[in-house]
Amino acid sequence: MGLVVQKFGGTSVGSVERIKKVAERIARTREEGDQVVVTVSAMGKTTDRLVALAEEISDDPPRREMDVLLTTGEQVSIALLSMALLEAGVEACPMTGWQAGIRTNEVHGSARIEQIDPTPILKCLDRGEIVIVAGFQGVSEEGEITTLGRGGSDTTAVALAAALKADRCEIYTDVTGVFTADPRIAPKAGKLSEISFEEMLEMANLGAGVLHPRSVECAMTHQVPLVVRSSFVEEEGTWVKEADSMEEELNVRGVAHDLDVARIKVLGLPNRTETLTRLFQKLADARINVDMIVTSEHDDERIDVAFSVHEQEWEPAGQVIENHQQELGHLKILSETGLAKVSAVGAGMVTHPGVAAKMFTSLSDAGIRIKMVSTSEIKISCVIPREQAGKAVRELHTVFGLDVKESALATAGS
Ligand code: ADP
Ligand code: ASP
Ligand code: MG
């Protein structure tokens, strides 16, 4: 008997009718002879609504309380899905993160899973039950409830699959797989039959929200066979796998975008070796994630540093720098919000010169101003004005030869 972990996202469990459909699908897998562990997200936009409630009370809600609040969304889903299975005559057992033995570190709001004790899950499986685990949550060593960051249920699923040595992990969502770009933005995006772990990790980190980046990291580390497919349409999905067995090496495999980017420029810092260390250590101490960094030297005395952050972090980042003005010695700070990042991703890029030139030409021909650039072996990213992000994604998709003739978008109810 095999073991399969299945994850159903927010849209897939967005209503009671959909929960019943999900229960039918799980029951089918069970009938085919596999043991099933399921993880679910909160229903529809529940998490967003809970965030909004907290923000009505506080401008900066305390992170511990926030986690207690947000985890209730997934708890509703596991209870209702378990009821739907029982109603259909299938034995099921709902578990919150802590009941399922999911231990995380103590970083509220973006905790990392450190360990999963599979004993409680295995006990239920031994009794012939389907185990339904609340996604996106765990418990710290001190017994505090934690969450894994928005979209973190994917990571719960893959981590469970790794801990239980499952045969595969299936991520059911509202698109039919991983596309060459977000099909909501690029109607000519096509579904990939497979993508390498490295490319998927890069796409996810660069904003392709179809998989939580840590879920890809975890699948890669533990070699979990991972497939993304639709909850609504019976269709082959996309396999995320090792690169060496890929069918072909494409130059650029996909285009990703991130709409929440801000840039901070710190002008006139002293031109000394310790300057960068000091600046970025202060930001790291405040747990601010810095993305791109550009430095430019004025003269022997002064340098300017520009960096990008998630838009939510530009205010705290600016504050940290302001608060340490004396120590850092800069003359001025400038910040800019309302930016986006578009990226071309592909493992084949490293052996194909000229990708960057093609990208810059295509963006500038479309009248899009590039504000920052960063490259790695398998990606090139540009920061641009947010209102031009959709256009940029479509332009790059076309110029890199990714367009399919007909829209392959297959979503339901959205
Ligand atoms: P779930 O609630 O099932 O976790 P998400 O909204 O988190 O679903 O992820 C699915 C969404 O990811 C799709 O509806 C799509 O808009 C978006 N997306 C972004 N980039 C891509 C991509 N490259 N391929 C497929 N979907 C993508
Ligand atoms: N419910 C959480 C969110 O909306 C986790 C998830 O859906 O994966 O971010
Ligand atoms: Mg998701």
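Computed from a predicted structure; not experimentally measured.

A. Looking closely at the packing of helix H5 (residues 153-163) against helix H7 (residues 213-222). Running from N to C, H5 and H7 point in directions that differ by 15°, and their axes come no closer than 8 Å. Considering their axes alone, H5 and H7 lie roughly parallel with respect to each other. Handedness of the crossing formed by H5 with H7: left-handed. Along its contact with H5, which presents Asp-154, Thr-155, Val-158, Ala-159 and Ala-162, the element H7 presents Arg-214, Ser-215, Cys-218, Ala-219 and His-222.

B. Highlighting the site of ligand 2. As a structural note, the neighbourhood of ligand 2 is formed by Ser-41, Ala-42, Thr-47, Glu-74, Phe-136, Arg-150, Gly-151, Gly-152 and Ser-153. Between an oxygen atom of ligand 2 and a side-chain N or O atom of Ser-41, the distance comes to 3.1 Å. Coverage of ligand 2 by the protein chains reaches 87% of its 260 Å² of free accessible surface. Of the residues contributing to the shell around ligand 2, the split by class is two nonpolar, five polar and two charged.

C. Summary view of the UniProt feature "binding site: substrate" (unreviewed entry) in the chain. According to UniProt, the positions carrying the feature "binding site: substrate" (unreviewed entry) are Thr-47 and Glu-74. For this annotated set, covering 28 residues, all C-alpha atoms fall within 8.8 Å of each other, a compact arrangement in space. Note that Thr-47 resides in helix H2 (residues 46-57). Judged by its relative accessible area of 9%, Thr-47 is buried. Once residues lying within four places of it in the same chain are set aside, the contact partners of Thr-47 are Ala-42, Leu-70 and Arg-150. Along the polypeptide, Glu-74 turns up in helix H3 (residues 63-87). The buried category is assigned to Glu-74, whose relative accessible area is 2%. Not counting the four nearest positions on each side in its chain, Glu-74 is found in contact with Val-40, Ser-41, Ala-42, Ala-134, Gly-135, Phe-136, Gln-137 and Ser-153.

D. Representation of the site of ligand 1 in the model. Near ligand 1 lie 17 residues; those nearest to it are Thr-173, Asp-174, Phe-179, Asp-182 and Arg-184. Between Gly-10 and ligand 1, the recorded distance is 3.1 Å, taken from a backbone N or O atom to an oxygen atom. The contact in question runs from an oxygen atom of ligand 1 to an N or O atom on the side chain of Thr-173, over 2.6 Å. Isolated, ligand 1 exposes 580 Å² of accessible area, and the fraction of that covered by the protein chains is 83%.

Reading the values: rules and limits
- Residues numbered from 1 in each chain as written.
- Chains lettered and ligands numbered in written order.
- Predicted model: local features only at pLDDT ≥ 70, side-chain atom pairs only at ≥ 80, totals over all residues.
- Heavy atoms only, no water.
- Axes fitted to C-alpha atoms, helices over the stretch in contact; angles between N-to-C directions.
- Helix = DSSP H or I, 4+ residues; strand = E, 2+ residues; numbered from the N terminus.
- Parallel < 35°, antiparallel > 145°, perpendicular 65-115°, else oblique.
- Left-handed = near helix turned anticlockwise from the far one by under 90°.
- Contact = heavy atoms within 4.5 Å.
- Near = heavy atom within 4 Å.
- Polar contact = N/O pair within 3.5 Å; in protein donor to acceptor, adjacent residues only side chain to side chain.
- Areas by Shrake-Rupley, 256 points an atom, 1.4 Å probe, with all protein chains shown as cover.
- Nonpolar A, V, L, I, M, F, W, Y, C, P; charged D, E, K, R; others polar.
- UniProt positions renumbered as here; feature names shortened; annotations may be inferred.
- Buried < 20%, exposed > 50% of the residue type's maximum accessible area, 1.4 Å probe, protein only.

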